[in-house]
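Structure at a glance
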Amino acid sequence: MNRIKGILYAAVSSSTFGLAPFFSITLLLAGFSAFEVLSYRWGVASVVLTAFGLFSGCSFRLSKKDFGVVFLLSLLRAVTSFSLIIAYQNIASGVASTIHFMYPLAVALAMMFFFQEKKSLWVMFAVLMSLLGAALLSLGELDAKNGNTMIGLVAACVSVFSYAGYIIGVRTTRAVQINSTALTCYVMGFGTVFYLIGAFCTSGLQLVSDGYTWLIILGLALPATAISNITLVQAIKYAGPTLTSILGAMEPLTAVVIGVLVFKELFTANSAIGILLILIAVSVVVFRRQKS
């Protein structure tokens, strides 16, 4: 029964997170800057997750030694979301999400070369497969309207490494001892501050007054951020990290479907093969970790 619960939580987590491109691009097309989109997304989500933590009896105490680690992790997580927004502005959202999904490969490589994990030919094979998949994706129709393909691809790749750094940091630093809900709240809270500073240093922060825009913001902050993070924690608890990672494949698939149906992004044979190769490569790494 717990395993079934975990599978359901993982499916909800990955599919809701896959909605992020839809809500983000909708706000961008409405004239919001990347900093504004992320300020509202993380700000609202931080409030909701903090309320959830308080309701569930979570302790938010943070020692001075933990503060610096959490601050650096927040920077990495903030860079991840910001670079993804830049990628959505410049290349097809489904392609950006699929490239971002290569982060387990970056984590595996970093753990092998910097943290003395046993080297594996399977991981090397998976990396080559994922690079081939990314190359096939780049041969398709990548462009967003008025976008710069190179900037979009670089931004998507930055999101891979910054998110991998965040995950490694959570696993290998003092952060591993911090309650997961509290850690997520602090990371999102700091991130909100970073984005607000960015917004006020650039175009400012427009105040939202109409109901439709607030619905989009709530859709981005609640299902695509707060709910996806809460259910992710529950999925890992009940189903384990391996199965949760595999079911995470629904995230880029959801983004691709929305991109094709809503934003009229082209989906070619190269796109299909490229996405399949990346999903297989990530699954190889995940299964390899399960056996090790």
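Criteria and thresholds
- Residues numbered from 1 in each chain as written.
- Predicted model: local features only at pLDDT ≥ 70, side-chain atom pairs only at ≥ 80, totals over all residues.
- Heavy atoms only, no water.
- UniProt positions renumbered as here; feature names shortened; annotations may be inferred.
- Axes fitted to C-alpha atoms, helices over the stretch in contact; angles between N-to-C directions.
- Helix = DSSP H or I, 4+ residues; strand = E, 2+ residues; numbered from the N terminus.
- Left-handed = near helix turned anticlockwise from the far one by under 90°.
- Contact = heavy atoms within 4.5 Å.
- 1 Å grid on protein atoms, 1.4 Å probe; cavity = no way out; pocket = protein on both sides within 12 Å on 5 of 7 lines; lining within 4 Å.
- Points joined across faces, edges and corners; volume = space filled by probe spheres on them.
- Nonpolar A, V, L, I, M, F, W, Y, C, P; charged D, E, K, R; others polar.
- Polar contact = N/O pair within 3.5 Å; in protein donor to acceptor, adjacent residues only side chain to side chain.

For the chain, an unreviewed UniProt entry supplies the name DMT family transporter and the organism Bacteroides faecium. In its Sequence similarities (unreviewed entry) section, the UniProt entry covering the chain states "Belongs to the EamA transporter family." What UniProt records for the chain under Subcellular location (unreviewed entry) is the sentence "Membrane".

The next subject is the packing of helix H4 (residues 64-90) against helix H5 (residues 93-100). Their axes nearest at 8 Å, the elements H4 and H5 cross at an angle of 145°. The way H4 lies across H5 gives a crossing that is right-handed. Counting all contacts with H4, which are made through Thr80, Leu84, Ala87 and Tyr88, the residues of H5 involved are Ser93, Ala96, Ser97 and His100.

Taken as a whole and assessed by the stated rule, the structure comprises 4 cavities of 30 Å³ or more. Volume-wise, the largest cavity comes out at about 80 Å³. Along the walls of the largest cavity sit 11 residues, with Gly94, Val95, Val256, Leu266 and Phe267 positioned nearest its centre. Those elements that provide at least two residues to the lining of the largest cavity are H5, helix H11 (250-261) and helix H12 (269-291). Along the lines of polarity and charge, the residues of the lining of the largest cavity split into 8 nonpolar, 2 polar and 1 charged.

A few words now on the side chain of serine 39. Among the secondary structure elements, serine 39 is positioned in helix H3 (residues 34-55). Among the polar contacts made by the side chain of serine 39, one reaches the main-chain amide nitrogen of leucine 196 at a distance of 3.4 Å. Those residues in contact with serine 39, other than ones at most four positions away along the chain, are Thr192, Tyr195, Leu196, Ala199 and Leu205.

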